[in-house]
Amino acid sequence: MDVAAQHQKPEEKEEPNFWGSVVYNAFQQINDPFTLRQLFFINTFSIIGFFATAALGILNLLEKNYQVGIPDLLAGFVLLLNLLLFRMTKNISLAKTIMLTTLGALLITLLATGGTAQTGIYWVYTFPIVAFFLLGKEKGILASLVLYCAISLVACLGAFGYVSIAYSLIEIRQLFICLFIVCVLVYLYQKSIEDSAEQLAQ
C-alpha cells in the first residue's frame, strides 16, 4: 500500500509535540486513522529497534562477542536505512516487509548463536507483537506461522547435526508453547482493536 495513494482530507490538525514531529514529520498531510496508525508503528518500531540493536551490538563487540554483536549492528543499520527509505518512498508495504524480514533473520541468528549469555531466545516473543500490529490479525497469523516454520526447520537441521544451534529441543519446545500463547493474546488484542475501529466507522 502506498501512502501517497491514501485519500487525504483537509482537516485542521493539532500542533504536534516533539515525538509526534519525529514520527509524522514526513507525513503531515495524512489524516486517515488507519494509515496514521501504520505510520506510528513503522516509525516508532524502526527507531526503537535501531537504538536497541545498535546499543546491544556495541556492548557485545566491547565484550568481544562478535558472532552476536555484528548481526545486531547489521540489523540496526538495516532498520535505519528502512526508516530513511520509508520517508522517501512512503511505501508502507515495503517498509513492513523489510522490518519483519530483518527481525525474523535476527531471531534465527540468535537461535543459532544464543545471543548474550544464552538470552537470545527471549527476543523471539517480540515478533508476534510487531507482526500483528503492523499487518493486522490475519496477516499477523501468517507471519507468525512463517517464523514457526523457520524455527522448526533450524531445530530439525540442528537435531541432525547439519547446523549448530544454541538451545536443546526441550528449550525449543517450551519456546513454541510460550510463543503460541503470546500469539493468541496479541491476536485477541488486535482483533478487539480492529472490531472497535469497524464499529466506530459505521
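Rules behind the numbers
- Residues numbered from 1 in each chain as written.
- Predicted model: local features only at pLDDT ≥ 70, side-chain atom pairs only at ≥ 80, totals over all residues.
- Heavy atoms only, no water.
- Helix = DSSP H or I, 4+ residues; strand = E, 2+ residues; numbered from the N terminus.
- Polar contact = N/O pair within 3.5 Å; in protein donor to acceptor, adjacent residues only side chain to side chain.
- Contact = heavy atoms within 4.5 Å.
- Axes fitted to C-alpha atoms, helices over the stretch in contact; angles between N-to-C directions.
- Left-handed = near helix turned anticlockwise from the far one by under 90°.
- Nonpolar A, V, L, I, M, F, W, Y, C, P; charged D, E, K, R; others polar.
- Salt bridge = Lys/Arg side-chain N within 4 Å of Asp/Glu carboxyl O.
- Buried < 20%, exposed > 50% of the residue type's maximum accessible area, 1.4 Å probe, protein only.
- pLDDT = per-residue confidence, 0-100.
- Core = buried A, V, L, I, M, F, W, Y, C linked by side-chain atoms within 4.5 Å.
- Expected span 1.5 Å × (residues − 1).
- Phe/Tyr/Trp six-rings, centres within 6.5 Å; stacked < 30°, edge-to-face > 60°.
- Parallel < 35°, antiparallel > 145°, perpendicular 65-115°, else oblique.

Student: Explanation requested: the side chain of Thr 113 in the structure shown.
Tutor: Structurally, Thr 113 is set in helix α4 (residues 92-113). Side-chain polar atoms of Thr 113 contact the backbone nitrogen of Gly 115, separated by 3.3 Å. Setting aside chain neighbours within four positions, we find Thr 113 in contact with Gln 67, Val 68, Gln 118 and Ala 166.

Student: What's the story with the packing of α4 against helix α5 (residues 126-159) in this structure? I'm lost.
Tutor: Two packed helices can be described by the angle between their axes and the distance between those axes. The interhelical angle for the contact between α4 and α5, taken along N-to-C directions, is 35°, at an axis separation of 10 Å. Between α4 and α5 lies a crossing whose hand is right-handed. Facing Lys 96, Met 99, Leu 100, Leu 103, Gly 104, Leu 107, Ile 108 and Leu 111 of α4, the residues of α5 in contact are Thr 126, Phe 127, Val 130, Ala 131, Leu 134, Leu 135, Leu 147, Ala 150, Ile 151 and Val 154. Classifying every residue of the contact of α4 with α5 gives 15 nonpolar, two polar and one charged.

Student: What is the right way to read the pattern of salt bridges from this model?
Tutor: Note on pairing: side chains with opposite charge can pair once their charged atoms come close. Tallying each qualifying case throughout the model produces two salt bridges. For Lys 137, the salt bridge identified is with Glu 138, shortest N-O distance 3.5 Å. By relative accessible area, Lys 137 is classed as buried at 11%. On the accessibility criterion, Glu 138 (52% relative accessible area) is exposed.

Student: Would you mind showing me how to read unusual backbone geometry here?
Tutor: Glycine aside, the phi torsion of most residues is negative, and most peptide linkages are trans. One non-glycine residue, Lys 64, adopts positive backbone phi at about 60°. Unusually for a residue other than glycine, Gln 118 sits at a positive phi of about 65°. Mapped onto the elements of the fold, Gln 118 is located in the loop between α4 and α5. Accessibility expressed as a relative area gives 39% for Gln 118, which makes it partly exposed.

Student: When you look at the confidence of the model for the chain in this model, what are you seeing that I'm missing?
Tutor: As a note on interpretation, predicted positions should not be read in detail where pLDDT is low. Summarising the model, the chain shows a mean pLDDT of 84, and 83% of its residues fall at 70 or more. When the elements of the chain are averaged for pLDDT, helix α1 (residues 18-24) gives the smallest value, 51, and α4 the largest, 93.

Student: Could you clarify how one ought to interpret the nonpolar core in this entry?
Tutor: Taken as a class, soluble globular proteins show a tendency for nonpolar side chains to be buried jointly. Grouped together as the largest cluster of nonpolar side chains are 38 residues, with contacts concentrated most on Ile 42, Leu 107, Val 124, Phe 127, Leu 134, Leu 147 and Ile 151. Within the residue set of this core, elements represented by two or more residues are α2 (33-62), α3 (66-89), α4, α5 and α6 (169-201). It is α5 that provides the largest number of residues to this core, a total of twelve residues. Those residues in contact with Leu 147 that lie beyond four places of it in its chain are Leu 107, Val 124, Phe 127 and Leu 179.

Student: How should I be thinking about α3 in this particular structure?
Tutor: Each turn of an α-helix holds 3.6 residues, which means side chains three or four residues apart point in the same direction. Under the 1.5 Å per step criterion, the end-to-end length of α3 is 34 Å for 24 residues, consistent within 8% with the ideal 34 Å. Residues Val 68, Gly 69, Pro 71, Asp 72, Ala 75, Gly 76, Leu 79, Asn 82, Leu 83, Phe 86 and Arg 87 constitute the buried set of α3. Just past α3, the residue Lys 90 takes up positive phi, approximately 60°.

Student: Honestly, the packing of aromatic side chains in this entry has me stumped. Any pointers?
Tutor: A ring pair, where both rings are aromatic, is described by two values, the distance of the centres and the angle of the planes. Taken as a whole, this structure holds seven aromatic pairs when the rule is applied. For the ring pair Phe 41 and Phe 45, a centre distance of 5.6 Å and an interplane angle of 20° mean the geometry is stacked. A residue pair is termed a helical-turn pair when its members lie 3 or 4 positions apart in one helix, as Phe 41 and Phe 45 do in helix α2 at four residues. Assessed through its relative accessible area of 12%, Phe 41 is described here as buried. Here a set of aromatic residues connected by ring pairs shows up, and it is made of Phe 40, Phe 41, Phe 45, Phe 133 and Tyr 189.

Student: Please clarify how the packing of α3 against α4 should be interpreted in this entry.
Tutor: At a minimum axis separation of 10 Å, α3 and α4 run at an interaxial angle of 175°. By the angle class used here, α3 and α4 are roughly antiparallel. Contacts between α3 and α4 involve Gln 67, Val 68, Pro 71, Asp 72, Ala 75, Val 78, Leu 79, Asn 82, Leu 85 and Phe 86 from the former and Ile 92, Leu 94, Ala 95, Ile 98, Met 99, Thr 102, Leu 106, Thr 109, Leu 110 and Thr 113 from the latter. Across the contact of α3 with α4, the residue classes break down as 14 nonpolar, five polar and one charged.

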